[in-house]
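Summary of the model geometry
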Amino acid sequence: MHELIEERWSARGYDPEATLSTDEITDILEAGRWAPTWGRIQPVRFVVGLRGDATFGQLTATLTRGNKGWAPSAGALILVCTSDAADDTKLHDYGAVDLGLAVAQMSIQAVSMGINAHPMAGFDASIARAAFDIPADKRPMVILGLGRLADDPALLDPDVADRDRQPRERLPLREIAFSRRWGEPFTVTK
Ligand SMILES: Cc1cc2nc3c(=O)[nH]c(=O)nc-3n(C[C@H](O)[C@H](O)[C@H](O)COP(=O)(O)O)c2cc1C
């Protein structure tokens, strides 16, 4: 696996003093802009806050309790929105796929720049909709936290440090990759 993918993880122990530049955020947004989209529709939109600005403050106000403790230490919060279409299931479903691809590319771009990216569904979309006048045909789905890790985890809130120490695990490949028929593991033959 590529080392950028190996190095990606969703951290919480961000350095509350570290800042991100608009150049850095622009590079990360570019990585999202160049993600593939269904039918080249390009439904994904971003609302960008840098810590200290009004947008960042409005975004932190939407966070759920579990995220409010750590995410305000991010250098940037990016609200990621995509198409909403009750009468067009393709537009609706693939809009979500397109958003996921954009967030994935942004996350890997961030890793390449020494920045951690942490996606969050834990925010109140209706508060965000009202705060930023998000049109009815768009849905806010994820806030992407971007930050630099704190140098000294001992200075972090113990709960945050503890959550960052939890082992990261995945289902084994044989349980999720099949061939011939569903449930029959794909086997590497080399
Ligand atoms: C769509 C989505 C929503 C998520 N929402 C939250 C969230 O609200 N708060 C949080 O702390 N982590 C959130 N996460 C991060 C996951 O918990 C994390 O990706 C998962 O535990 C795997 O850990 P890893 O990213 O370090 O591999 C979210 C991830 C995704 C993809």
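Look a little higher up for the structure.
Residues numbered from 1 in each chain as written. Predicted model: local features only at pLDDT ≥ 70, side-chain atom pairs only at ≥ 80, totals over all residues. Heavy atoms only, no water.

Overview of the pairing of strand S3 (residues 116–120)
Applied cut-off: Only protein chains enter the accessibility calculation, which uses a 1.4 Å probe; a residue is then buried when its area is under 20% of its type maximum, exposed when over 50%, and partly exposed in between. Secondary structure follows DSSP: runs of H or I at least 4 residues long count as helices, runs of E at least 2 residues long count as strands, and numbering of each begins at the N terminus. Note on pairing: DSSP must find at least two bridges between two strands before they are called paired.
When you tally the buried positions in S3, you get four out of five residues, the bulk of the element. Pairing of S3 with strand S4 (residues 138–147), which is carried by five bridges, proceeds in the antiparallel orientation. Bridge pairing in S4 places Met-120 opposite Ile-143.

Looking at the nonpolar core
Using the following cut-off: Nonpolar cores were defined as sets of buried Ala, Val, Leu, Ile, Met, Phe, Trp, Tyr and Cys residues, with membership established by side-chain atoms within 4.5 Å.
Ile-25, Ile-78, Leu-144 and Leu-146 are the most contacted members of the largest nonpolar core, which totals 19 residues. Mapped by element, the contributors of at least two residues to this core are helix H2 (22–33), strand S2 (76–83), helix H5 (89–112) and S4. With five residues, the top contributor of residues to this core is H5.

So, the environment of Pro-16
Threshold: The contact criterion used throughout is that any non-hydrogen atoms of two residues lie within 4.5 Å.
The topology assignment puts Pro-16 in the loop between helix H1 (3–7) and H2. Along the backbone, Pro-16 and Ala-128 are 112 residues apart, and their C-alpha atoms lie at a distance of 23 Å. Aside from chain neighbours lying at most four places away, what touches Pro-16 is Arg-51 and Ser-73.

Let's talk about the packing of aromatic side chains
What counts here: Each pair of aromatic rings taken from Phe, Tyr and Trp, with Trp reduced to its six-membered ring, is defined by centres within 6.5 Å and is described as stacked if the planes are under 30 degrees apart, edge-to-face if over 60, and tilted in the remaining cases.
According to the stated counting rule, one finds three aromatic pairs in the structure shown. A centroid spacing of 4.7 Å and a plane angle of 65 degrees characterise the contact between Phe-178 and Trp-182, whose relative ring orientation is edge-to-face. Given a relative accessible area of 26%, Phe-178 falls into the partly exposed group. Overall, Trp-182 belongs to the exposed group, its relative accessible area being 77%.

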